[in-house]
Structures are given as C-alpha cells and as structure tokens.
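# Structural overview
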Amino acid sequence: MDTTEQLAKQLLSLMGGDENISYVTHCATRLRVTLRDRTLASKEEIESLEDVPGVVERDGTLQIVIGTNVGDVYDAFMKIWKKPENTEDGEGSFSQKSEEKRNLFNQFIGLVVSIFSPLLPLLAGAGLLRGFTILANQLGWLSTESTTNLILENAATAVFYFLPLLVAMTSAKRFNTSPYIAVAILGALIMPSFMDLVQSDEGGNMIKFMGIPMPVFDYTSQVIPAIIIVWIQSLMEHFMKRKLPHSLHMIVIPTVLLFILVPVTIGIVGPIGNYISIGIANAVGWLTGINQIITGAFIGGIWNILIMFGVHWAPNTMVIIPEIAETGTSALIAYGATANLGMAGAAFAIFLRTRNMELKGLSGTSMISVFLSGIVEPAIYGLGIRFKSPLVAGCLGAALGGAFMGAFNVVGNAFVFGGLTTIPAFAGPTLWAYIVGLAIAFFGGMVLTLLFGVKDPEAEMSKKNK
C-alpha cells in the first residue's frame, strides 16, 4: 500500500467512517470534507498525522491541509469512500442536515472552491507562459510582430477568453448536470455572430428576440453568468428527468434547455452577472485608488489570515481571476504574493535558530514549499499557528513588501501562487519592484521573527532568541 492510499484510509477512519461523510472536494492544497456529525471525527488525531500540516474546522466542515499532492489523496479517498445511500449522486449534493449546519458564506466558499480548483493548474500554466512571452518580448528575444509571438499569446490567453466555457464545465460537475449542454449555452454568447451584435466596448445596446428587447454585452472572460445559468440548468434538467419518460430524455431535454436558457442568459442572467462584475471591478478600482501603498500593505498583511481560515478563495475567484480575465493584469495578486514570502522568511529564521532537528526539517521544507510551489500552508499551520510570533512576523513582513509594491504600482499578468518559480508571471515594467517587494517581505518576516523570538520551549531556540 502506498503512502497516499494509506493516508486516505487513515483520514476516512478518523473522520468517522463512510456514513459520517456527506461531501468531499479539494482545492489547491486542502481536502475539504463535510461531516454529518462533527463529534465522530478526531481533529487532534488528524493533525498528528505526519502528512497533514494542519486542519481548519468551520461549521461541520474539515479543511485538511495536505499540500500540492492533495489531488492524489482526493482520488485515493474517493476510491475507498463508500458513499451512503442517502447521499444524492453528484459531487455537488449535500445532506439536508449538513446543509443546515453551514452558514451562507461557508456554502459560498465551498461552491467557488469546487468550481475553480480544477482550473487552477491551467490558469497557472497559462499565466507562466504569458509571463515568459512578455519577458522574451522585453529582452528582445521575440518580436511582438512575429507569428510565433501571436501563437504564444493565443495559447496563454485562450483560457481567459473561453473562461465562461471552462467554468460552465466545472459548474456542471458541481451541480450534477450535463457539461455539454452547459458549454453549448455559454458558447452561444461568445459566437462571432453574437459578438457582432455588441456595439462599442461596453455593449448594452438593445436587440430583439421574438419581439422582446434584450441588452447584449461581451461575455468573454466572465464567470458569474456561467455559474448562475448552469445552476438554473441543473434545476430544470433534474425536474425534466423526473417528469419525462426516459425514452424522451435524449431529445427533449437538450432541445428545451437550449431553446429556453440561451435567451434567458442573454436577457436576464447575463446582464445581471455583467452588472455584478462591473460592481466588483469598480470596488477593486476604488480600493486600489485610495492609496496603493496602504492597499498593498493591507492586502499583504491580512492574506495569510485569510488563508489560515480558508476564506481566501472568495477574493481569488470573485475579484482577482475576473480582473485578470478582463484587463490582463491585477495588483492584488502581487500584494497577496508577499504573504507567502513573509512566512517563508519566518520559517527561515526558525531554521537558523532552532536546535530541534524535527522542527528544523519542517521549517526548511516549509520555506522550500513556498519557493518552488507557492504553497504556504505548511508554514502557517506548522509554525505560525503553533508558535504565534512567526505568524505575526510573517504578516508584518508581507505588509512591508506589499507597501513597497504599492508604491511602484506593481501588477501581475496571471493568477499564480507567489513563489520564486512564478516570478515570470509578473514580467513587465514593474518586475524589478515585484522582486524587491518579495525580498522585503522575506527578510522582514525573518528579521522580525528573530526579534520577536519563539518562546515555546518545544522550539528549542538558541539563546539569541530568548
């Protein structure tokens, strides 16, 4: 038995077994499990597992921090988990009991995680390709007028142009409905013939469908209409499957859904989603327009706290990803990257001072995890929450780095996790300031951890820290 399968079996046992689990999903680093009865799960024993850096508990849901191999653990877990008969089919279903335990915000977080987490590798890969292309342009290695540049740009930006289709696919999986119909519905809104109806960059001009006036907008890169309409599709599809004879499913259901939902999307759901997107964009513009230095310090300083509670996906998916898809850049992704380096600096300070060899190994691997993959949870849970002062120091170091980036209007070109390997995603005129900001965050977190010290005797810190 390999270690992944062994970990999956241990987790299943420690969470109360098959019957106690109603829903399982994962994000970039965490296995997220909704429990029927929290008292049957042992959070302390799960945290003690060697391959689990930490556990976050929120309203009957356990967020088990695994790391970059969480997808493998999820796959192994789903193979051995025997789903109870009273749990509906489909990954998006919840038991009524567990649904009642969760507040609306946690339901929202679970929703966006399940929809966007499958897209993260693609978004990160496209972002790095875009960064390398920009870097090659600036170094004079690749002409912006060449067809090679055009092809590389298309390869890197297609994911954002067709983001509604990708979100439709993952939303369909989340809501247990047909992904093919979902893609067809959203695809109708980005067909060239539909795009020809949109006048000016803003759109909003009126057309008629069966005599009914409807506003048209550019829906490329938008995600909110896709999520809403696929949810409506799931309700209609499930209803028709219950009411119609099985022999009619294959013909009637797709026909009805396409006939009804494409116009509904154009006339109702699309405009609502568009105005929500505009509101979010205006809010981001207002925030960054107040004072970039303060904004950078604030975002950098609080980002590790958001990660700690597992709520960072709300700004990631509803603000940063749509902003990059719409404009091609985001300042917030740069500010958030300082949080990773701040905690890496705190981990390095512990690595330098501790005499506890186990802790030295943990701090070293936590720092390398940030550098190579942009994954900060091992540092947060293994060091920050455990000893307190490294978390404070890491947040303050990140705030300093974010303030510096804000002073020079640093932006990122893609949605990536902050680390050394993702630096090309920030290629452009402010690349130097991004690198300096990361360095400030790292050394700020390190120096402040050394100054604050770690008072816990378990850390076995050298006398310089006492």
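About the cut-offs
Residue numbers here run from 1 along each chain, matching the order of that chain's written sequence. Owing to the predicted nature of the model, reporting of local features is limited to residues with pLDDT of at least 70; listing and counting of side-chain atom pairs is limited to 80 or more, with chain, interface and lining totals taken over all residues. Hydrogens and water molecules were not included; the side-chain quantities draw on all heavy atoms of the structure. Each helix corresponds to a stretch of at least 4 residues labelled H or I by DSSP, and each strand to a stretch of at least 2 residues labelled E; elements are numbered beginning at the N terminus. Residue exposure (1.4 Å probe, protein chains only): buried if accessible area is under 20% of the type maximum, exposed if over 50%, otherwise partly exposed. Here, two residues are considered to be in contact whenever any of their heavy atoms come within 4.5 Å of each other. For helices, the fitted line uses only the C-alpha atoms of the stretch in contact; every axis is such a line through C-alpha atoms, and the angle between N-to-C directions lies from 0 to 180 degrees. Under this scheme an angle from 65 to 115 degrees is roughly perpendicular, one under 35 degrees roughly parallel, and one over 145 degrees roughly antiparallel; angles in between are oblique. Whether a crossing is left-handed or right-handed is set by the direction in which the near helix is turned from the far one by less than a right angle, anticlockwise for left-handed and clockwise for right-handed. Each residue receives one of three labels: charged for Asp, Glu, Lys and Arg, nonpolar for Ala, Val, Leu, Ile, Met, Phe, Trp, Tyr, Cys and Pro, and polar for the others, Gly being one of them. In a helix, the anticipated span is given by 1.5 Å times the number of residues less one. Only rings of Phe, Tyr and Trp enter the pairing, Trp through its six-membered ring, and a pair is recorded when the two centres are within 6.5 Å. The plane angle decides the type: under 30 degrees is stacked, over 60 is edge-to-face, the rest tilted. Salt bridge, as used here: a side-chain nitrogen of Lys or Arg that lies within 4 Å of a carboxyl oxygen of Asp or Glu. Pairing between strands is defined by DSSP: at least two bridges between the two strands are required.

Time to look at the side chain of S171. Structurally, the position occupied by S171 is in helix 8 (residues 163-175). The class for S171 is buried, based on a relative accessible area of 0%. Those residues in contact with S171, other than ones at most four positions away along the chain, are I115, I227 and V230.

Glancing now at the packing of helix 15 (residues 332-353) against helix 18 (residues 389-407). The geometry of helix 15 relative to helix 18 is characterised by a closest axis approach of 7 Å and an angle of 140° between their N-to-C directions. Here helix 15 is positioned oblique relative to helix 18, judged by the angle of their axes. As for the relative orientation of helix 15 and helix 18, their crossing is right-handed in sense. Across the interface between the two elements, A334, Y335, T338, A339, G342, M343, A346 and I350 from helix 15 touch P390, L391, G394, A398, G401, G402, M405 and G406 from helix 18. In terms of residue class, the contact of helix 15 with helix 18 is built from 10 nonpolar, six polar and no charged.

The next subject is helix 19 (residues 431-452). For helix 19, with 22 residues, the first-to-last C-alpha span of 31 Å sits near the 32 Å given by 1.5 Å per residue. Those residues of helix 19 that fall on the buried side of the exposure criterion are L431, A433, Y434, G437, L438, A441, F442, G444, G445, M446, L448 and T449. Residues of helix 19 that are buried sit in contact with helix 6 (120-138), helix 15, helix 16 (357-373) and helix 18. Phi turns positive one or two residues past the end of helix 19, at G453, with a value near 75°.

A full pass over the atoms with the stated rule returns 14 aromatic pairs. Considering the side-chain rings of F217 and Y219, the 6.3 Å spacing of their centres and the 70° angle between planes classify their relative orientation as edge-to-face. Accessibility classification places F217 together with Y219 in one group, the buried group. Ring geometry for F217 against Y275: centres 5.6 Å apart, planes inclined by 80°, an arrangement best described as edge-to-face. Of this pair, F217 sits in the loop between strand 6 (212-215) and helix 11 (224-243) while Y275 sits in helix 12 (residues 249-290), and the two are 58 residues apart along the sequence. Overall, the relative accessible area of 51% leaves Y275 in the exposed class.

The subject of this paragraph is the pattern of salt bridges. Across all of its chains, the model carries four salt bridges by this definition. E5 is the salt-bridge partner of K9, the closest N and O atoms lying 3.6 Å from each other. Placement of the pair is K9 and E5 together in helix 1 (residues 3-14), with a separation of four residues, close to one helical turn. The class of K9 is partly exposed, set by a relative accessible area of 37%. A relative accessible area of 31% means that E5 is categorised as partly exposed. Two residues, K241 and E237, come together in a salt bridge whose shortest N-O distance is 3.3 Å. Of this pair, K241 and E237 both sit in helix 11, separated by four residues, roughly a single helical turn. On the basis of relative accessible area, K241 is assigned to the partly exposed category, the value being 42%. E237 sits in the buried class, given a relative accessible area of 4%.

Regular strands have side chains that alternate between both faces of the sheet. Across the five residues of strand 4 (residues 61-65), five count as buried, placing the element largely inside the fold. With five bridges joining them, strand 2 (residues 30-35) and strand 4 adopt antiparallel strand pairing. In the strand pairing of strand 4, R32 is matched with Q63.

Moving on, we get to the environment of L257. Here L257 is to be found in helix 12. A C-alpha to C-alpha distance of 34 Å links L257 and A283, two positions 26 residues apart in sequence. When residues no more than four places from it in sequence are discounted, the contact partners of L257 are I181, I185, Q233, M236, E237, M240 and V262.

This next bit is on helix 9 (residues 179-187). Of the positions making up helix 9, those classed as buried are I181, A182, I185, L186 and G187. Residues of helix 9 that are buried sit in contact with helix 8, helix 11 and helix 12.

What follows is about the pairing of strand 1 (residues 21-26). Within strand 1, five of the six residues are buried, leaving the element largely enclosed by the surrounding structure. Sheet analysis places strand 1 next to strand 2, joined by five bridges and oriented antiparallel. The partner of Y23 across the bridge, within strand 2, is T34.

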